[in-house]
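# Structural characterization, general
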Amino acid sequence: MSVAERKKTVLILGGTSGIGASAARIASRDGYNVVITGRRESLGRAITEQIISQGGNAHYIQADALDPDDTVRAVDTCLQLFGSLDGAFNNVASGLAGNIRSLHLNDVEIILRKNIIALWHALKCEIEAMRASGGGSIVNNLSIHALRPIFTGVGMYVATKFAGLGLTRSVAIEEALNHIRINAVAPGPIDTDMYRDAVKNDENSRTWVSRIPMGRVGKPEEVAEVVLFLLSDRASFITGETICIDGGVNAL
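All values derive from a computational prediction rather than experimental measurement. (Residues numbered from 1 in each chain as written. Predicted model: local features only at pLDDT ≥ 70, side-chain atom pairs only at ≥ 80, totals over all residues. Heavy atoms only, no water.)

## A closer look at the nonpolar core
To keep it simple, the criterion reads: Definition of nonpolar core: a set of buried residues of the types Ala, Val, Leu, Ile, Met, Phe, Trp, Tyr and Cys, connected through side-chain atoms within 4.5 Å. The classification of residues rests on relative accessible area computed with a 1.4 Å probe and restricted to protein chains. Under 20% of the type maximum is buried, over 50% is exposed, and intermediate values are partly exposed. Labels follow the DSSP assignment, with helices taken as runs of H or I lasting at least four residues and strands as runs of E lasting at least two, numbered in each case from the N terminus. Throughout, a contact is declared for two residues whenever any of their heavy atoms are within 4.5 Å.
Ranked by internal contacts, the top residues of the largest apolar core, which has 28 residues, are Ile12, Val34, Phe89, Val185, Val227 and Leu228. Here the element with the most residues in this core is helix α8 (residues 220–231); it accounts for seven residues. Residues within four places of valine 34 in sequence aside, it is in contact with Val10, Ile12, Ala24, Ala27, Ser28, Asn57, Ala58 and His59. Ranked by size, the runner-up nonpolar core spans 24 residues in total, among them Ala74, Cys78, Ala88 and Val92.

## Describing the sheet that holds strand β6 (residues 180–187)
Paired through backbone hydrogen bonds, the strands of a sheet run either parallel or antiparallel to each other. Put simply, the rule is: Here a strand pair is declared whenever DSSP counts at least two bridges between the two strands. Axis geometry follows a simple rule: fit a line to the C-alpha atoms, using only the stretch in contact for helices, then measure angles between N-to-C directions, giving values from 0 to 180 degrees.
Ordered by their spatial adjacency, seven strands build an open sheet running β3-β2-β1-β4-β5-β6-β7, and the pairing between neighbours is parallel. The open sheet is flanked by β3 (58–62) and β7 (242–245), the only strands paired with a single partner. The average undirected angle you get between the axes of adjacent strands in this sheet is 15°. Sitting on the sheet, helix α5 (residues 155–175) touches β5 (136–141), β6 and β7, and the angle it makes with β6 is about 160°.

## Some words on the packing of helix α4 (residues 105–133) against α5
Operational definition: Small angles under 35 degrees read as roughly parallel and large ones over 145 as roughly antiparallel, with 65 to 115 read as roughly perpendicular and the rest as oblique. Should the near helix be turned anticlockwise from the far one by less than a right angle, the crossing is termed left-handed; should it be turned clockwise, right-handed. Residues were grouped as follows: Ala, Val, Leu, Ile, Met, Phe, Trp, Tyr, Cys and Pro as nonpolar; Asp, Glu, Lys and Arg as charged; and all remaining residues, including Gly, as polar.
Two numbers describe how α4 lies on α5: the axes approach to 10 Å, and their chain directions differ by 15°. As far as their axial angle goes, α5 and α4 are roughly parallel. Judged by the twist between their axes, the crossing of α4 over α5 is right-handed. Contacts between α4 and α5 involve Val108, Ile111, Leu112, Asn115, Ile116, Leu119, Trp120, Leu123, Ile127 and Arg131 from the former and Met156, Tyr157, Thr160, Lys161, Ala163, Gly164, Leu167, Val171 and Glu175 from the latter. In terms of residue class, the contact of α4 with α5 is made up of 13 nonpolar, three polar and three charged.

## Brief notes about the environment of valine 226
You can see valine 226 is positioned in helix α8. Sequence separation between valine 226 and isoleucine 243 is 17 residues; the distance between their C-alpha atoms is 8.3 Å. If we ignore the near neighbours within four places in the chain, the residues touching valine 226 are Val185, Ile243 and Ile245.

## Re the pairing of β5
Convention followed: When the strands point away from the viewer and the connection leading from the first strand across the helix to the second strand turns clockwise, the crossover is called right-handed.
With six of six residues buried, β5 lies mostly within the body of the structure. Judged by which residues are buried, β5 turns out to be covered on both faces: Gly136, Ile138 and Asn140 on one side and Ser137, Val139 and Asn141 on the other are all buried. The pairing of strand β4 (residues 87–90) with β5 spans four bridges and is parallel. Bridging across to β5, asparagine 90 finds its partner in asparagine 140. Note that the unit made of β4, α4 and β5 has a crossover that is right-handed. The pairing of β5 with β6 spans six bridges and is classified as parallel.

## Focus on empty space enclosed by the protein
Where empty space is left can be seen by rolling a probe of water-molecule size over the atoms. Quick reminder of the rule: Residues are said to line a cavity or pocket when one of their atoms sits within 4 Å of a point; the points come from a 1 Å grid over protein atoms alone, cavities being sets where a 1.4 Å probe fits but cannot get out and pockets being open sets with protein on both sides within 12 Å along at least five of seven lines. Grid points are joined across faces, edges and corners, and a volume is the space filled by probe spheres set on the points.
Under the criterion given, the structure shown has two cavities of 30 Å³ or more. Of the pockets and cavities examined, the largest cavity occupies roughly 60 Å³. Residue lining of the largest cavity: Asn90, Val92, Asn115, Leu119, Asn140, Asn141, Leu142, Thr160 and Lys161, and that is the complete set. For the lining of the largest cavity, the elements supplying multiple residues, two or more each, are α4, β5 and α5. Taken together, the residues of the lining of the largest cavity sort by class into three nonpolar, five polar and one charged.

Quick look at the structure:
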């Protein structure tokens, strides 16, 4: 069976909630086999059961992005269950608040491991599998902070997102002739658990919304739709790009 004839498979690292869960549902809608990972088993199984109940193919793997063996296992599962890995959404990130003087080395090492080292390792594993399948597409979930700092007090988080942007671009160039496209999305304020944890209360949320030209916080599915566009053949001549999804904040 040719690549064009077989059903494609997408791996979503961090697919149990928020943007990742929305991407899993939309990927199934678009005809992909879906494999999702995440630490929260109850959420992961609920999403896969929902997809299967609607006629899709889905599989959940309980996994931690900080464990490189878990990432290897996730990629291997795609190959074992469905025969290929055609798309991947690396939706793995950790926040870290605090000015540079207040941070401890352990905190910095953790965010570097999750936002940079885990991303590098995921790309390495995914690219190896995609080369064997004849190509594919990868999308990294970064942040509006990958393009410019939006507010202070999150310097190390911003630094890791800048690094993720550089990694996306450089690896996209390396793999361009291998028929592997690598892009990123840079969400602004999106209604996810991370956003709600960051704003903490309604007053902070109103302050954020007042800075958004469109006057509202984004929805996870609004990011996920862009992710699936970048994964699809509709974006066949796009690589090394980062699309900001922020209601106009970056345009200010």
